[in-house]
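Summary of the model geometry
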Amino acid sequence: QVQLVESGGGLVQAGGSLRLSCAASGRTFSSYAMGWFRQAPGKERDFVAAISWSSSNTHYADSVKGRFTISRGNAKNTVYLQMNSLKPEDTAVYYCAASPGGATYYYTHEYDYWGQGTQVTVSS
């Protein structure tokens, strides 16, 4: 059974940092592209960051560029999202996702597998 499990969320003050992790199991995800999305209450699920299967390509939403960094573990079945200089508007449930395509993808329909989400709350 394919499973993506996020961790690392929590409550942090504005300007602080958090590191989210996503562990994939059930198949080999080393050839999969991975992404992070977020969803605030009453809003749609938005793209945050994506990384290609080889880690050679990464892309970020304009709202997080320069503050967030996506990376993969050596075994490539783990993906991280380092979040620095957090703002209250970053508050959301953060989801990781996996796509069998190898490139970077921006849309939810391009991803086949999703985690259950982890809450990030940034206080002002």
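Here goes a summary of the coordinates provided. (Residues numbered from 1 in each chain as written. Predicted model: local features only at pLDDT ≥ 70, side-chain atom pairs only at ≥ 80, totals over all residues. Heavy atoms only, no water.)

1. Examining the environment of Asp-46
Here is the rule we go by: Under the DSSP-based scheme used, a helix requires at least four consecutive residues in state H or I and a strand at least two consecutive residues in state E, with every element numbered from the N terminus. For the exposure calls, accessible area comes from a 1.4 Å probe over protein chains only, and a residue counts as buried if that area is under 20% of its type's maximum, exposed if over 50%, partly exposed in between. Two residues qualify as a contact provided that any one of their heavy atoms is within 4.5 Å of a heavy atom in the partner residue.
Topologically, Asp-46 is positioned in strand β5 (residues 45-51). According to the relative accessible area criterion, Asp-46 is partly exposed, its value standing at 40%. Along the backbone, Asp-46 and Tyr-106 are 60 residues apart, and their C-alpha atoms lie at a distance of 8.7 Å. Those residues in contact with Asp-46 that lie beyond four places of it in its chain are Phe-37 and Arg-38.

2. Overview of the pairing of strand β9 (residues 92-99)
On a regular strand, one side chain projects to one face of the sheet and the next to the other, so that they alternate. Applicable threshold: Note: two strands are recorded as paired if DSSP finds a minimum of 2 bridges between them.
Most of β9 is tucked away: 7 of the 8 residues are buried. Both strand β4 (residues 33-39) and β9 contribute to a ladder of 7 bridges, which runs antiparallel. Across the sheet, residue Phe-37 finds its bridge partner in β9, namely Tyr-95. Bridge analysis of β9 against strand β11 (residues 118-123) gives 3 bridges, and the strand direction is antiparallel. Its bridge partner being in β11, Ala-92 is matched across the sheet by Val-120. Strand direction decides the pairing type here: β9 and strand β10 (residues 113-114), joined by 2 bridges, are antiparallel. Note on β10: the bridge partner recorded for Ala-97 is Trp-114.

3. Comments concerning the packing of aromatic side chains
Ring pairs (aromatic) are described by centroid distance and by the angle formed between their planes. How we decide: Only the six-membered ring of Trp is used, alongside the rings of Phe and Tyr, when aromatic pairs are assigned; centres must lie within 6.5 Å, and planes under 30 degrees apart are stacked while those over 60 apart are edge-to-face, with the rest tilted. As a reminder, the over-ring test applies to NZ of lysine and CZ of arginine, requiring each to be within 6 Å of the ring centre and within 35 degrees of the ring normal.
For the coordinates displayed, the defined rule picks out 9 aromatic pairs. Seen from their ring centres, Phe-29 and Tyr-113 are 5.9 Å apart, and the 85° between their planes marks the pair as edge-to-face. Of this pair, Phe-29 sits in the loop between β3 (18-25) and β4 while Tyr-113 is found in strand β10, placing the two residues 84 residues apart along the sequence. Ring centres of Phe-37 and Tyr-111 lie 5.3 Å apart, and the angle between their planes is 80°; on these two criteria the pair is classed as edge-to-face. With Phe-37 in strand β4 and Tyr-111 in the loop between β9 and β10, this pair connects stretches of sequence that are 74 residues apart. Tyr-111 carries the same exposure label as Phe-37, and that label is buried. For Arg-19, the ring lying beneath its charged end belongs to Tyr-80, and the centroid distance is 3.9 Å. The side chain of Arg-45 reaches across the aromatic face of Tyr-95, ending 3.6 Å from its centre.

Function-wise, these values are silent; they only describe arrangement.
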